[in-house]
Amino acid sequence: MSELISGEPPFVDREYDENLALAICYGQRPQIPEYTPEPYAELMKRCWDPIPTNRPTAKELNDQFWNLFDVLRNNNNSIELISEDRRLEIKEAFSQEREEHD
């Protein structure tokens with residue numbers, strides 16, 4: 001997710017060695033660019049949670065990525081790529097997830 005938003009691999013300025021691995025184990029994370037949309041940044045942070053049960057599931061990631069895709073697609077007025085039913089399903093899942101965490 002970090003590389004997708006920044007265009008560079010995480011920790012591009014460091015050697016990929018045991019020191020970096022230990023730093024990550026102790027909680028160091030890549031910088032999140034300030035232009036990162038908040039829902040995307042929050043999802044990244046949840047993926048980094050040290051408690052595995054707090055991290056999103058694969059299904060949740062899939063649903064949220066589809067939702068983000070839908071938002072971007074609607075903002076860019078691009079060609080419709082998913083059905084209205086699928087879009088509503090994604091929005092409903094995303095809304096339910098927000099309610100569970102609020």
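Residues numbered from 1 in each chain as written. Predicted model: local features only at pLDDT ≥ 70, side-chain atom pairs only at ≥ 80, totals over all residues. Heavy atoms only, no water.

The protein carries the name Serine-threonine/tyrosine-protein kinase catalytic domain-containing protein in an unreviewed UniProt entry, which gives Rhizophagus irregularis as its organism.

Asks: Break down the overall build of the protein for me, citing the residues and quoting the values.
Replies: Along the protein, the regular secondary structure elements total five helices and zero strands. Ordered by position in the sequence, the α and β elements of the protein form the string α-α-α-α-α. The buried share of the protein, reckoned over its 102 residues, is 25%. Within the protein, contacts between residues at least 6 apart in sequence are counted, and of these 36% link residues at least 24 apart. Summing over all exposed atoms, the protein offers an accessible surface of approximately 7,600 Å²; the carbon and sulfur share of this is 54%. (Helix = DSSP H or I, 4+ residues; strand = E, 2+ residues; numbered from the N terminus. Buried < 20%, exposed > 50% of the residue type's maximum accessible area, 1.4 Å probe, protein only. Contact = heavy atoms within 4.5 Å. Areas by Shrake-Rupley, 256 points an atom, 1.4 Å probe, with all protein chains shown as cover.)

Asks: Account for the packing of aromatic side chains, naming residues and giving values.
Replies: Inspection of every chain in the model, using the stated rule, returns one aromatic pair. Their ring planes at 90° and their centres at 5.6 Å tell us that W66 and F69 sit as a pair that is edge-to-face. Highlighted residues: W66 and F69, both in helix α4 (residues 58–75), separated by three residues, approximately one helical turn. On the basis of relative accessibility, which here comes to 30%, the residue W66 falls in the partly exposed class. The exposure class of F69 is partly exposed, given its relative accessible area of 31%. (Phe/Tyr/Trp six-rings, centres within 6.5 Å; stacked < 30°, edge-to-face > 60°.)

Asks: Requested: an account of helix α2 (residues 18–25), with residues and values cited.
Replies: Two to three positions downstream of the cap, the backbone nitrogen of N19 sits 3.1 Å from a side-chain oxygen, assigning the N-cap of α2 to D17. Following α2 by one or two positions, G27 has its phi on the positive side, about 105°. (Polar contact = N/O pair within 3.5 Å; in protein donor to acceptor, adjacent residues only side chain to side chain.)

Asks: If you had to explain the environment of P37 to someone new, which residues and values would you point to?
Replies: Note on placement: P37 falls in the loop between α2 and α3 (38–47). As for P37 and L68, which are separated by 31 residues in sequence, their C-alpha atoms are 9.7 Å apart.

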